[in-house]
Amino acid sequence: NAAKKIKASTGESSPAEVYTPIDEYGNIVVTDHDILCGRGGLTNHHLGNKRFRDIVSLHRPDYIRAPKIEKPSVARMIVS
């Protein structure tokens, strides 16, 4: 029962390809590398969300120091 994978768009013109695991019923398989949207404990305690918050915390000083015009570049570093 190996999960299928589908190619997903990154929304950028990036050469990196992203594949989303799909189970035998066509459902997306959530992994520890995914970031879940929502409120409450389920999303707050998900490993992918914890990692994302850690990465954001590491870049926070750079973002705060950056002039307004450079803030989007700092944000892009986080999500790329």
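Relevant structure appears above.
To keep things clear, this report deals only with the structure shown in the data block. (Residues numbered from 1 in each chain as written. Predicted model: local features only at pLDDT ≥ 70, side-chain atom pairs only at ≥ 80, totals over all residues. Heavy atoms only, no water.)

A word on the overall build of the protein. Helices and strands together make up the secondary structure of the protein, namely three helices and two strands. Reading the protein from its N terminus to its C terminus gives the helix and strand order β-β-α-α-α. Long-range contacts, defined as pairs at least 24 residues apart, comprise 2% of the intrachain contacts of the protein with a sequence gap of at least 6. Total accessible area on the protein stands at roughly 6,800 Å², and carbon and sulfur atoms take up 56% of it. (Helix = DSSP H or I, 4+ residues; strand = E, 2+ residues; numbered from the N terminus. Contact = heavy atoms within 4.5 Å. Areas by Shrake-Rupley, 256 points an atom, 1.4 Å probe, with all protein chains shown as cover.)

Attention now moves to the pattern of salt bridges. Counted by the stated rule, this structure contains one salt bridge. The salt bridge partner of aspartate 62 is arginine 65, with a shortest N-O separation of 2.7 Å. Remark: arginine 65 and aspartate 62 occur in helix 2 (residues 47-65); sequence separation between them is three residues, near one turn of the helix. (Salt bridge = Lys/Arg side-chain N within 4 Å of Asp/Glu carboxyl O.)

Per the stated rule, a full pass over the model turns up zero aromatic pairs. Taking the ring centre of tyrosine 63 as reference, the NZ or CZ of lysine 71 above it sits at 4.4 Å. (Phe/Tyr/Trp six-rings, centres within 6.5 Å; stacked < 30°, edge-to-face > 60°. Lys NZ or Arg CZ within 6 Å of the ring centre and 35° of its normal.)

Moving on, we get to the environment of alanine 66. For alanine 66, the position within the fold is in the loop between helix 2 and helix 3 (71-79). According to the relative accessible area criterion, alanine 66 is buried, its value standing at 11%. Setting aside residues no more than four positions away along its own chain, alanine 66 makes contact with Lys71 and Val74. (Buried < 20%, exposed > 50% of the residue type's maximum accessible area, 1.4 Å probe, protein only.)

Let us now look at the packing of helix 2 against helix 3. The geometry of helix 2 relative to helix 3 is characterised by a closest axis approach of 10 Å and an angle of 160 degrees between their N-to-C directions. Of the possible angle classes, the one that applies to helix 2 and helix 3 is roughly antiparallel. Viewed along their axes, helix 2 and helix 3 form a crossing whose handedness is right-handed. Contact with helix 2, carried on its side by Phe52, Ile55, Val56, His59, Asp62, Tyr63 and Ile64, involves Lys71, Val74, Met77 and Ile78 of helix 3 and no other residues of that element. (Axes fitted to C-alpha atoms, helices over the stretch in contact; angles between N-to-C directions. Parallel < 35°, antiparallel > 145°, perpendicular 65-115°, else oblique. Left-handed = near helix turned anticlockwise from the far one by under 90°.)

On the secondary structure map, asparagine 49 appears in helix 2. Given a relative accessible area of 8%, asparagine 49 falls into the buried group. Sequence-distant contacts of asparagine 49, defined by excluding residues within four places in its chain, comprise Asp34, Ile35, Leu36 and Thr43.

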